[in-house]
2 protein chains.
Amino acid sequence: MKELTADEKAYIANLCKEAKRASAILRSVGTAQKNKALEIMAKLLEENRSKIKQENAVDLENAEAAGISGALLERLQLSDKVIDSIITSLHDIRNLKDPVGEVIAGWKLENGIELNKIRVPIGVLAVIYESRPNVTVDVGALALKSSNAAILRGGKEAIVSNQLLASLFQKALAEAGLPSNAIQLMNKTSRHLVPELLKQDAYIDLVVPRGGEGLIRFVTENSLIPVVKHDKGVCHVYIHETADPDQATKILINAKTQRPSVCNAAECVVLDKDYPEVAQILKTLQEAGVTLRGDSKTQAELQKLNIPCENLTEEGYHKEYLDLEISVKLVENLEQAILHISEYSSGHSEAIVTRDLEAAHEFTSRLDSAALFVNCSTRFHDGGQFGLGAEVGISTGKLHARGPMSIADLTTSKYILRGQGQIRE
Amino acid sequence: MKELTADEKAYIANLCKEAKRASAILRSVGTAQKNKALEIMAKLLEENRSKIKQENAVDLENAEAAGISGALLERLQLSDKVIDSIITSLHDIRNLKDPVGEVIAGWKLENGIELNKIRVPIGVLAVIYESRPNVTVDVGALALKSSNAAILRGGKEAIVSNQLLASLFQKALAEAGLPSNAIQLMNKTSRHLVPELLKQDAYIDLVVPRGGEGLIRFVTENSLIPVVKHDKGVCHVYIHETADPDQATKILINAKTQRPSVCNAAECVVLDKDYPEVAQILKTLQEAGVTLRGDSKTQAELQKLNIPCENLTEEGYHKEYLDLEISVKLVENLEQAILHISEYSSGHSEAIVTRDLEAAHEFTSRLDSAALFVNCSTRFHDGGQFGLGAEVGISTGKLHARGPMSIADLTTSKYILRGQGQIRE
């Protein structure tokens, strides 16, 4: 990778120092002042609607000229509807309970010392994401509400939109009497600056990469800072031989087709081979526009049932389609289903449809994914649906946060012990 | 660093695969069976006392031949007293509540789905530590009790002792009907194998380095696996101008001298310059055998008080002595004390001695260390003292675990959602 210039190094160093300085101030700022900044930001977005769309049009034009189209282009767009949803999200985050200062636990030691475990901000967060500019505001707002400073590094396609959104956020912070550098956007989007950012473990406490596998691998390999990764979702729906056919069909169709482009959508359906409704369920899935893919054994079985199925190698079962495609695996029994899912899952979400209590128990106790669903759709794996409020993303790591990374996960704790002269004997 | 041979690569790969296989079994093992293995291990240690001391003598002899002496040699020794304490620790861990399966939280979603957040083992742990062989048993026992498989990499000085202890542990596991490779010791202790171990993020879920700064930096720089670090403790005692002199003296002497070689011992005393008892307190500290060190300004002030003080550079305030030495800093007021501690602390433990409520509040709210003490000794920063039971160490990181890393911190969580056919609209 390209060597950094002295200017580029100084640029990163300055971002970090400013973030750390802001973080020390945010640590003792009250909820009212943070809420005020969020309210001002919502008002600024409303007032600057036409300017936002205008700047966003520049990004869209550049992206089209660079040959970007379809879902990627759509994600980049700041329509009135998207701006509305960002404003709603700001109000929602404003209304979240402030996690900072919560006494998580507390007790008195035998020697009379009173111990409190208190929720405190993590400090400085770096969030690295792809082209969606709404993330700039959503993540900035979550960081602020939890008293963390944030360095945001969005995709280069969204740079013009992001710069405007970040400058509005900085204005809102200043108007609320907070350090404007509590939220900083990396204006320089060359990829070779990212490893330098990821080495600043003296300043940055947590890195959150949100995006494709390549980005996450890149961050993991280059970071000296702890990483909470929001990786792909290779989510399974397993249809057990005792499943209610209507329920199985409804859940599978929902998990696969209700919003195929998101990480909690199903990517593989596992079915007990002898379940009488296999053909009917897969046909309904195909009628919903979904292409089936399976290994040669599955293909051969489906051929007998007169169901077309594209070829899939063993490796293919690791695939996250994010589209109207699905891997199919026929198994002998629950045991094989669990082994298959253990092997190919990305640890995100798995569902079982069954009427058998023991099967449900085996499935949920032996599989080790962030969320396991019995007789309901994987699509519920979401902070809002869980009732946790806005989320930074779905953590597929096991440390610090697992599943929806909500505002409480943007905090750590410290112990405060109050004594009357106690010493250790 | 030296290239790995094919044999060495295969050795690491095999350790990892065995650990992962054991971890899948441990996930659904009950508490009684884990306790049984711990009881057998305690019995085996008792039965093999003389053999343990015999093998340990080999390590001690090699260490002495290599010029190791003093505290390092002492830590390596498995005396009857140390063996007793390992056995006691096994019984204590056996009696700890099993964290696995605890329902951390649970509620019903609006759509009727029942959500449970359950405590589950992390999976595979790698623990990298220095010469103390008791860690092999202590950490192995904590890993087992929390249903985690562990790969242990102790210091090469303790290899003969560690091999015996690990083989006894594997025997205990097998006798209890558990996979003996749930606890594995790295027999090959060449340092160049460690980076290869730290790349196995497909198999290992968490790395815990316990030791000096060099080891921790080495692990952080080479690991693709999440790290919870147990770093040095540059702990401060701040004596505020309103402090009760007797309390201040007692707490400072305890924090510095009760056990100087541990991470929660004080390494720096900060005093308000105009506090009338400065001279008396520092003299008492010197009479307890402690050497004072300070920057030129502090030296000059102490000279006026006729107190000898060795020279210290600014950088010196970062130092962890682990011995009867202490850095001294005289400040104008609380504000300066907070700024000094923020700058030089390692984020482990800081104490204030004061009679002023506002000063105590400022100190505990503005400083961001794992534990803050008001009018009591930093020496209480310990899992056992906090009432959390045996600990892996004191985490100085902010993610996942901060402060005493107890058995609950060796777990993560998963969500289980039970529905009746719910789909997302």
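Thresholds, definitions, all that
All residue numbers here refer to positions counted from 1 along the written sequence of the relevant chain. Just so you know, chain letters begin at A and ligand numbers begin at 1, following the order they were written in. Residue-level local features of this predicted model are given only where pLDDT is at least 70; pairs of side-chain atoms are given and counted only at 80 or more, and the full residue set underlies all totals for whole chains, interfaces and linings. Exposure classes come from backbone-placed C-beta atoms, where a residue is buried if 20 or more other C-beta atoms lie within 10 Å of its own, exposed if 12 or fewer do, and partly exposed in between. Only runs of H or I of at least four residues qualify as helices and only runs of E of at least two qualify as strands under DSSP, and these elements are numbered from the N terminus. Pairs of strands are assigned from DSSP output, requiring at least two bridges between the strands. Crossover handedness is defined here as right-handed if the route from the first strand over the helix to the second strand goes clockwise, with the strands pointing away from the viewer. How far a helix is expected to stretch is found by multiplying one less than its residue total by 1.5 Å. This arc corresponds to the set of directions leading from the helix axis out to the C-beta atoms. Our contact criterion uses C-beta atoms placed from the backbone: two residues qualify when those atoms are within 7 Å. Core membership is restricted to buried Ala, Val, Leu, Ile, Met, Phe, Trp, Tyr and Cys residues, and these are joined into a nonpolar core through C-beta atoms within 7 Å. For the least-squares superposition of copies, only C-alpha atoms count, and only for residues with pLDDT at least 70 in both.

## Some points on the pairing of strand 12 (residues 349-353) of chain A
Residue and element names in this part refer to chain A.
Line of reasoning, step 1. Of all the five residues making up strand 12, five are buried; the element is thus mostly covered by neighbouring parts of the structure.
Line of reasoning, step 2. Burial along strand 12 is two-sided: S349, A351 and V353 facing one way and E350 and I352 facing the other are all buried.
Line of reasoning, step 3. Across four bridges, strand 7 (residues 235-239) lies against strand 12 in parallel orientation. Residue pairing across strands places V237 opposite A351, the latter belonging to strand 12.
Line of reasoning, step 4. Between the parallel elements strand 12 and strand 13 (residues 371-376), the chain passes through helix 14 (residues 357-366) in a crossover that is right-handed.

## Focus: helix 10 (residues 245-257) of chain A
Line of reasoning, step 1. Counted at 1.5 Å a residue, the expected span for helix 10 of chain A with its 13 residues is 18 Å, and the 18 Å between its end C-alpha atoms agrees.
Line of reasoning, step 2. All of the buried residues along helix 10 of chain A are Q247, A248, T249, I251, L252, I253, N254, A255 and K256 of chain A.

## Observations regarding the environment of S85 of chain B
Residue and element names in this part refer to chain B.
Line of reasoning, step 1. If you trace the backbone, S85 turns up in helix 5 (residues 80-95).
Line of reasoning, step 2. A count of 13 C-beta atoms within 10 Å places S85 in the partly exposed class.
Line of reasoning, step 3. Taking the C-alpha atoms as reference points, S85 and L372, 287 residues apart in sequence, are found 29 Å from one another.

## Here's the deal with helix 1 (residues 6-26) of chain B
All names here are of chain B.
Line of reasoning, step 1. Counted at 1.5 Å a residue, the expected span for helix 1 with its 21 residues is 30 Å, and the 30 Å between its end C-alpha atoms agrees.
Line of reasoning, step 2. All buried positions along helix 1 are accounted for by I12, L15, C16, A19, A22, S23 and L26. All buried residues of helix 1 project into a common sector of 135° when viewed along the axis, lining one side. The exposed set on the far side of helix 1, more than 90 degrees from its buried face, consists of A6, D7, A10 and N14.
Line of reasoning, step 3. The inward-facing, buried residues of helix 1 contact strand 2 (114-121), strand 3 (124-128), strand 4 (149-153), strand 5 (183-185) and helix 8 (194-197).

## Quick notes on the nonpolar core
Line of reasoning, step 1. Counting residues in hydrophobic clusters, the biggest one holds 138 residues, and the most contacted among them are L125 and V207 of chain A together with V207 of chain B.
Line of reasoning, step 2. The contact partners of V207 of chain B, leaving out residues within four places of it in the chain, are A126, I128, L198, V219, S223, I225 and V227 of chain B.

## Structural notes on the relation of the copies chain B and chain A
The operation relating the pair of chain copies consists of a rotation about an axis and a translation along that axis.
Line of reasoning, step 1. Screw-axis analysis of chain B against chain A gives a translation of 0.0 Å along the axis, an RMSD of 0.0 Å, and a rotation angle of 180°. Viewed as a symmetry operation, the transformation between the two copies matches a two-fold axis. Minimal C-alpha separation from the rotation axis in chain B is found for H400 of chain B, amounting to 1.9 Å.
Line of reasoning, step 2. Taken as a fraction of all interface residues of chain B, those also at the interface in chain A reach 100%, which identifies the copy contact as same-surface.

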